[in-house]
Amino acid sequence: MPVSLVTGANRGIGREVARQLAAEHGHAVLLTARDLGKAEDAAEALRKNGLGDGRVAPLQLDVTAPESVATAAEAVEREQSHLDALVNNAGVDYDTDQHVLTADVERAGRALDTNTLGPWRVAQAFLPLLREAAPGRVVNVSSGSGAWRSLGSGTPGYSLSKAALNALTVMMASALEDEGVLVNAVGPGWVRTDMGGEQANRSIPEGARSIVWGATLGPDGPTGGFFRDGEEIGW
Ligand SMILES: NC(=O)c1ccc[n+]([C@@H]2O[C@H](COP(=O)([O-])OP(=O)(O)OC[C@H]3O[C@@H](n4cnc5c(N)ncnc54)[C@H](OP(=O)(O)O)[C@@H]3O)[C@@H](O)[C@H]2O)c1
């Protein structure tokens, strides 16, 4: 059975990615959250909605805490021989109230810690299991806000963190190209979540589907690209 792990999966896009991977793609899903209770509640809710026991398992994982990442990786290594998909979904602080010239730089640093260094830490920790899959896939959940061509003065911490996540995607894809691990940045579009707000033009299932595409690529799938809805978009 394919195995996948989703960070920040207790709500929003991450939770729906976990549901779709389990319900529509037959994956055993490690539903992770920084708060174990929230991971357990989300996994329980999915189980009540018809996913059988064992298909969705809760796990504590705070992407900003190296010891939490290491403990989660050790726990998964004890149970699983491989990891088919790592979805780096956890994200914070769409800082529409900030401007690059006056932004709180320490606050931007916290966004980078979660949105950029978090995926980096988690990918490193789970690499041994990803290498055992055929193929292992890493999906870095990015954003049009991090596209080089769309950078401006607004949302400075968030945009910088996602532009850097895109750069990390290219670097990791290059490093893993010969080992068959596919690493891509995928944007969900503008989605009605706590982060995206009620005015967003996409539903959570629509946004999640864009991500799930990257988590279910075949061995000949692309690597080192930036995609939305399965279509390449410009950096
Ligand atoms: N919504 C959009 O329009 C949109 C557009 C482009 C890209 N994205 C990206 O899509 C991803 C999911 O966003 P969303 O809209 O679903 O946001 P959301 O509803 O705000 O959910 C964010 C998730 O990230 C988790 N998280 C935050 N910090 C964490 C940490 N240190 N460790 C582990 N989990 C952590 C949150 O957990 P808690 O409940 O504990 O806070 C929550 O589960 C993010 O990477 C976001 O940047 C969203």
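Residues numbered from 1 in each chain as written. Predicted model: local features only at pLDDT ≥ 70, side-chain atom pairs only at ≥ 80, totals over all residues.

**Overview of the site of the ligand**
Here's step 1: Around the ligand, the surrounding shell holds 30 residues, and the nearest of these are Gly8, Gly12, Gly91, Thr193 and Gly196.
Here's step 2: Residues belonging to the shell around the ligand are distributed by class as follows: 11 nonpolar, 13 polar and six charged. (Near = placed C-beta within 6 Å. Nonpolar A, V, L, I, M, F, W, Y, C, P; charged D, E, K, R; others polar.)

**Here we look at the pairing of strand E2 (residues 28-33)**
Here's step 1: Burial of E2 is extensive: five of the six residues sit out of reach of the surface.
Here's step 2: Relative to E2, strand E1 (residues 3-6) runs parallel, the two sharing four bridges. Residue pairing in the sheet places leucine 5 in a bridge with leucine 30 of E2.
Here's step 3: Crossover handedness for the path E1 to helix H1 (residues 12-25) to E2: right-handed.
Here's step 4: Taken together, the five bridges between E2 and strand E3 (residues 56-60) define a ladder with parallel strand orientation. If you follow leucine 30 over to E3, its bridge partner there is alanine 57. (Buried ≥ 20, exposed ≤ 12 C-beta atoms within 10 Å, placed from the backbone. Helix = DSSP H or I, 4+ residues; strand = E, 2+ residues; numbered from the N terminus. Pairing = 2+ DSSP bridges. Right-handed = clockwise from strand over helix to strand, strands pointing away.)

**Overview of the packing of H1 against helix H6 (residues 204-215)**
Here's step 1: Two numbers describe how H1 lies on H6: the axes approach to 8 Å, and their chain directions differ by 60°. The orientation of H1 with respect to H6, classified from their angle, is oblique. Both H1 and H6 take part in a crossing whose hand is right-handed. On H6, the residues touching Gly12, Ile13, Glu16, Val17, Gln20 and Leu21 of H1 are Ile204, Pro205, Gly207, Ala208, Arg209, Ile211, Val212 and Ala215. (Axes fitted to C-alpha atoms, helices over the stretch in contact; angles between N-to-C directions. Parallel < 35°, antiparallel > 145°, perpendicular 65-115°, else oblique. Left-handed = near helix turned anticlockwise from the far one by under 90°. Contact = placed C-beta atoms within 7 Å.)

**Some thoughts on the sheet that holds strand E8 (residues 231-232)**
Here's step 1: Overall, mixed pairing links the eight strands, which are arranged E3-E2-E1-E4-E5-E6-E7-E8 in an open sheet. Each having just a single partner strand, E3 and E8 make up the two edges of the open sheet.

**As for helix H3 (residues 66-79)**
Here's step 1: Compared with an ideal rise of 1.5 Å per residue, which puts 14 residues at 20 Å, H3 spans 20 Å between its outermost C-alpha atoms and is within 8% of the ideal.
Here's step 2: Buried within H3 we find Val69, Ala72, Ala73 and Val76. The buried side chains of H3 occupy one side of the element, clustering within an arc of 100° when seen end-on. Along H3, the residues that are exposed and aim more than 90 degrees away from the buried face are Glu67, Glu74 and Arg78.
Here's step 3: Elements that come into contact with the buried residues of H3 comprise E1, E2, E3 and helix H4 (105-131). (Expected span 1.5 Å × (residues − 1). Arc of directions from axis to C-beta.)

**A word on the environment of glycine 109**
Here's step 1: Take glycine 109: it is sitting in helix H4.
Here's step 2: Put simply, glycine 109 and leucine 160 are 51 residues apart on the chain and 9.8 Å apart in space, counted from C-alpha to C-alpha.

**Focus on the nonpolar core**
Here's step 1: If you look at the biggest cluster of nonpolar residues, it comprises 60 residues, and the most contacted ones within it are Val17, Ala18, Leu31, Leu86, Val87, Phe126 and Ile211.
Here's step 2: Of all the elements, H4 adds the most residues to this core, at seven residues.
Here's step 3: With residues near it in sequence (within four places) discarded, valine 87 still touches Ser4, Leu5, Val6, Thr7, Val17, Val139, Val141, Ile211 and Ala215.
Here's step 4: Counting five residues, the second largest nonpolar core, distinct from the first, contains Ala108, Ala111, Tyr158 and Leu160. (Core = buried A, V, L, I, M, F, W, Y, C linked by C-beta atoms within 7 Å.)

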